[in-house]
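Secondary and tertiary structure notes
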Amino acid sequence: MYRGKSILAIIPARGGSKGVKRKNVRPLLNKPLIAYTIEAALQANFLDKIIVSTEDPEIASISKEFGAEIPFMRPIELASDDAKGIDVIFHAMNWLEKNHTVYDLVMLLQPTSPLRKAYDIKNAIDILYDKKASAVVSVCEAEHSPLWMNVLNEDLCMKDFLKKDVLNKNRQEISKYYRINGAIYISDWNYLIQNKGFFGEKTYAYIMPNERSIDIDTELDLKFAEFLMNNFQIQK
């Protein structure tokens, strides 16, 4: 319970993954990847329930070991490469509702964001209250402006690759862009259902620094996270 509202945290973690095999239980320094997200959620101290949605027995066992709950095993059809993340969230919500448990807020914490801290979770929730928002999604500054990007034709001709108002401008002269970093999503329970996701007219951003916005999708991401943790003491 925080500022008068109950909060459910859902950590989705399936057994299969393409970029990094068995990603969610791969060691990152001295702990499985998923452990960092569970520990950050527990350290926040005000989340009423922290559950891991998984179909994988090993992930379930490790999650319990680090303090998360496994109230159900996720259906196999929701653990495929084609399964949508929002359907995983709705499955968890529906299961809890059928078991007579509903929360004011729903938080999605992806285990692929191991450098997110407990105070990031608190700050995101504070923004939800302070902005009188119905949802908050974490973002970070984009590493490269989309204004410097375009598709290429087969002949590789770069005619009109950049818009004329962007040509010859320095990076500092171009508007700052942000990207979703995947670390934190939080929403009012009913707002999430009504919008079929976290995005709507009353969704606001929580800006995180890039060094805590690593999203583990490849072996290189994993090595980079280890580098940051070893050299900059971001989180251990």
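Residues numbered from 1 in each chain as written. Predicted model: local features only at pLDDT ≥ 70, side-chain atom pairs only at ≥ 80, totals over all residues. Heavy atoms only, no water.

**Side note on the packing of aromatic side chains**
Rule in force here: Two aromatic rings, drawn from Phe, Tyr or Trp (for Trp, its six-membered ring), form a pair once their centres lie within 6.5 Å of each other, and the interplanar angle then sorts them: stacked below 30 degrees, edge-to-face above 60, tilted otherwise. Only DSSP runs of H or I reaching four residues or more are called helices, and only runs of E reaching two or more are called strands; each is numbered from the N terminus. Buried residues are those whose accessible area, probed at 1.4 Å on protein chains only, stays under 20% of the maximum for their type, while exposed residues exceed 50% and partly exposed ones sit between those limits.
For the structure shown, the criterion picks out five aromatic pairs. Where Phe72 meets Trp95, the ring centres are 5.2 Å apart and the plane angle is 45°; that geometry is what we call tilted. Taken as a pair, Phe72 in the loop between helix H2 (57–65) and helix H3 (85–98) and Trp95 in helix H3 lie far apart in primary sequence, 23 residues in all. Seen in terms of ring centroids, Phe224 and Phe227 are 6.4 Å apart; in terms of plane orientation they differ by 15°. Their pairing is stacked. Placement of the pair is Phe224 and Phe227 together in helix H6 (residues 219–232), with a separation of three residues, close to one helical turn. Among the residues examined, Phe224 registers a relative accessible area of 39% and is labelled partly exposed. For Phe227, a relative accessible area of 41% corresponds to the partly exposed category. Through successive ring pairs, a cluster of aromatic residues spans Tyr2, Phe46 and Tyr129.

**Focus: the pairing of strand E1 (residues 7–12)**
Note the following rule: Strand pairing is defined by DSSP finding a minimum of two bridges between the two strands.
The buried fraction of E1 amounts to six of the six residues, a majority that puts the element mostly inside the structure. Burial along E1 is two-sided: Ile7, Ala9 and Ile11 facing one way and Leu8, Ile10 and Pro12 facing the other are all buried. Where E1 lies against strand E5 (residues 105–108), four bridges are found, and the strand directions are parallel. By the bridge assignment, Leu8 is partnered in E5 with Val106. Relative to strand E4 (residues 49–53), E1 is paired through five bridges, and the arrangement is parallel. When the bridges of E4 are listed, Pro12 appears paired with Ser53.

**Some remarks on the sheet that holds E5**
Applied cut-off: Every axis in this analysis is a line fitted to C-alpha atoms, fitted for helices over the stretch in contact. Angles between the N-to-C directions lie between 0 and 180 degrees. Contacts were defined at the residue level, with two residues in contact if any of their heavy atoms lie within 4.5 Å.
What the six strands build is an open sheet, ordered E4-E1-E5-E7-E6-E8; its pairing is mixed. Taken across any chain shown, the strands that pair with only one partner, and hence form the sheet edges, are E4 and strand E8 (203–207). On average, adjacent strands in this sheet sit at an angle of 25° to one another, irrespective of strand direction. Sheet topology places strand E6 (residues 135–141) next to strand E7 (residues 178–188); six bridges connect them, and they run antiparallel. Counterpart to Ala135 in the pairing with E7 is Ser187. Packed onto the sheet, helix H1 (residues 33–44) meets E1 and E4 and runs at close to 165° relative to E4.

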